[in-house]
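Structure assessment
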Amino acid sequence: MIPFLILAFVLSKGKGGFLIAGYNTLPAEKKAEYDEVALCKFMGKIMYAISFGILLLGLSDVLANQPLFIIGMIVFVVSIAFALIYLNTGDRFKKRST
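The following refers to the structure shown. (Residues numbered from 1 in each chain as written. Predicted model: local features only at pLDDT ≥ 70, side-chain atom pairs only at ≥ 80, totals over all residues. Heavy atoms only, no water.)

Angle between the axes and distance between the axes are the two parameters that describe a pair of packed helices. Two numbers describe how helix α1 (residues 2-12) lies on helix α3 (residues 36-63): the axes approach to 7 Å, and their chain directions differ by 160 degrees. In terms of axis orientation, α1 runs roughly antiparallel to α3. For the pair α1 and α3, the sense of crossing is left-handed. Residue-level contacts link Phe 4, Leu 5, Leu 7, Ala 8, Phe 9, Leu 11 and Ser 12 of α1 to Cys 40, Lys 41, Met 43, Gly 44, Met 47, Tyr 48, Ile 50, Ser 51 and Ile 54 of α3. (Axes fitted to C-alpha atoms, helices over the stretch in contact; angles between N-to-C directions. Helix = DSSP H or I, 4+ residues; strand = E, 2+ residues; numbered from the N terminus. Parallel < 35°, antiparallel > 145°, perpendicular 65-115°, else oblique. Left-handed = near helix turned anticlockwise from the far one by under 90°. Contact = heavy atoms within 4.5 Å.)

One can find Ser 60 in helix α3. Under the relative-accessibility criterion, Ser 60 is labelled buried at 7%. Excluding residues within four positions of it along the chain, Ser 60 makes contact with Asn 65, Leu 68 and Phe 69. (Buried < 20%, exposed > 50% of the residue type's maximum accessible area, 1.4 Å probe, protein only.)

Moving on, we get to the layout of surface pockets. Approximately 270 Å³ is the volume found for the largest pocket. Lining the largest pocket we find 14 residues, and of these Tyr 23, Tyr 34, Leu 39, Leu 87 and Asn 88 sit closest to its centre. Here the residues of the lining of the largest pocket sort into eight nonpolar, three polar and three charged. (1 Å grid on protein atoms, 1.4 Å probe; cavity = no way out; pocket = protein on both sides within 12 Å on 5 of 7 lines; lining within 4 Å. Points joined across faces, edges and corners; volume = space filled by probe spheres on them. Nonpolar A, V, L, I, M, F, W, Y, C, P; charged D, E, K, R; others polar.)

Spelled out as structure tokens, the structure:
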């Protein structure tokens, strides 16, 4: 969970775009079309949600609490599903031309 929190912190500051798979492999001219800071901040929020899900999964093991495991798994899966759908529908992170 600690590496996820560190990544979440870095990304939520709007830095670390090179850590985002897919974005880091784009050619420079394609990267220029995207708002890197907004993309990083969004991914930071998702990483915090994933970290929380992992925390719940770990606590469920330590406390032997099945409902905590289920909640943690739901948070984990829903966070990833939401991120995939949100990032791949619409042009939310493309720069607006004025």
